[in-house]
Amino acid sequence: MSEVQVPFHKRLRAITRRHDRMRNGVYHKLTRDGLIVAHPRRRAPHFPLKSLLLLLGAGFLFKAVLLVNLGSAIFDERVAELRAGTIVEQGGAWLMQADPATIWLATQLNAVRQSLG
């Protein structure tokens, strides 16, 4: 009697696994004999574009705030110090250099700062 239970539990486990995979969605396929069979939809890992854009925007905002608070002369001086350092510091200098987007954002922030008092 216990020999009969082993295949049943094995089939039950397979059905449960398939059902769990179908939580991500299914697509239906018509077989040759006319039976409609549901298959689990495969989910490819997607690239988190929204998170990357938020991080990039936060980086530009951070650089612009530093540029407004320190002033362009001191900011450029500190970036020049980074350029003279190790390879990691040189990479940081490349990231922190004042690009056109940062300068535009700093100008906008400075205008808001001046209008607030």
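Heads up: the structure comes first, above all this text.
If you're wondering where the values come from, they're calculated on a predicted model, not measured in any experiment.

1. A few points about the overall build of the protein chain
Next, step 1: A count of helical and extended segments in the protein chain gives five helices and two strands.
Next, step 2: Put simply, the protein chain runs from its N terminus to its C terminus through helices and strands in the order α-β-β-α-α-α-α.
Next, step 3: Relative to its length of 117 residues, the protein chain is extended, with a C-alpha radius of gyration of 29 Å against a globular reference of 13 Å.
Next, step 4: In terms of overall dimensions, the protein chain has C-alpha extents of about 85 × 35 × 30 Å along its principal axes.
Next, step 5: Each of the 117 residues in the protein chain was classed as buried or not, and the buried ones make up 10%.
Next, step 6: Put simply, of all contacts in the protein chain between residues at least 6 apart along the chain, 36% involve residues at least 24 apart.
Next, step 7: Summing over all exposed atoms, the protein chain offers an accessible surface of approximately 10100 Å²; the carbon and sulfur share of this is 64%.
Next, step 8: Computing the positive centroid from 17 side-chain charges and the negative centroid from 8, the protein chain places the two 18 Å apart.

2. A closer look at the pattern of salt bridges
Next, step 1: Scanning all chains against the criterion turns up two salt bridges.
Next, step 2: In this structure, Asp20 and Arg23 form a salt bridge, with 3.3 Å as the shortest nitrogen-oxygen distance.

3. Considering the environment of Gly59
Next, step 1: Here Gly59 lies in helix α2 (residues 49-70).
Next, step 2: Each C-alpha atom, one on Gly59 and one on Gly25, is 36 Å from the other, the two residues being 34 residues apart in sequence.

4. Quick notes on the environment of Met22
Next, step 1: Secondary-structure assignment places Met22 in the loop between α1 (2-21) and β1 (26-30).
Next, step 2: Met22 gets classed as partly exposed once you look at its relative accessible area, which sits at 22%.

5. With respect to the nonpolar core
Next, step 1: Formed by Ala64, Leu67, Val68, Phe75, Val79, Ala93, Met96 and Ala106, the largest nonpolar core amounts to eight residues.
Next, step 2: Counting only elements with at least two residues in this core, the list comes to α2, α3 (72-83) and α4 (87-96).
Next, step 3: With three residues, the top contributor of residues to this core is α2.
Next, step 4: With sequence-adjacent residues up to four places away left out, Met96 is seen in contact with Phe62, Lys63, Leu66, Phe75 and Val79.

6. Some remarks on the pairing of β1
Next, step 1: Bridging between β1 and strand β2 (residues 36-40) involves five bridges; their strand directions are antiparallel. Bridge pairing in β2 places Leu30 opposite Ile36.

7. Side note on a nonpolar patch on the surface
Next, step 1: Taken together, the side chains of Phe47, Leu49, Leu52, Leu53 and Leu56 define a hydrophobic patch exposed on the protein surface, amounting to about 530 Å² of accessible area.
Next, step 2: Structurally, the position occupied by Leu53 is in helix α2.

8. Structural notes on the packing of α2 against helix α5 (residues 100-116)
Between two packed helices, what matters for the description is the angle formed by their axes and the separation of those axes.
Next, step 1: Relative to each other, α2 and α5 sit at 60°, their axes nearing to 8 Å. Here α5 runs oblique to α2, going by the angle between their axes. Here the hand of the crossing between α2 and α5 comes out right-handed. Counted together, Phe60, Leu61, Lys63, Ala64, Val65, Leu67, Val68 and Asn69 of α2 and Ala101, Thr102, Ile103, Leu105, Ala106, Leu109, Asn110 and Arg113 of α5 form the full contact between these two elements.

Criteria and cut-off values
Residues numbered from 1 in each chain as written. Predicted model: local features only at pLDDT ≥ 70, side-chain atom pairs only at ≥ 80, totals over all residues. Heavy atoms only, no water. Helix = DSSP H or I, 4+ residues; strand = E, 2+ residues; numbered from the N terminus. Rg over C-alpha atoms; globule rule 2.2 N^0.38 Å. Buried < 20%, exposed > 50% of the residue type's maximum accessible area, 1.4 Å probe, protein only. Contact = heavy atoms within 4.5 Å. Areas by Shrake-Rupley, 256 points an atom, 1.4 Å probe, with all protein chains shown as cover. Lys, Arg positive; Asp, Glu negative; His and termini not counted. Charge placed at Lys NZ, Arg CZ, Asp CG, Glu CD. Salt bridge = Lys/Arg side-chain N within 4 Å of Asp/Glu carboxyl O. Core = buried A, V, L, I, M, F, W, Y, C linked by side-chain atoms within 4.5 Å. Pairing = 2+ DSSP bridges. Patch = residues over 30% accessible without salt bridge, like charges linked within 9 Å, V, L, I, M, F, W, Y side chains within 5 Å. Axes fitted to C-alpha atoms, helices over the stretch in contact; angles between N-to-C directions. Parallel < 35°, antiparallel > 145°, perpendicular 65-115°, else oblique. Left-handed = near helix turned anticlockwise from the far one by under 90°.

By themselves, these are just geometric observations and shouldn't be taken as functional.
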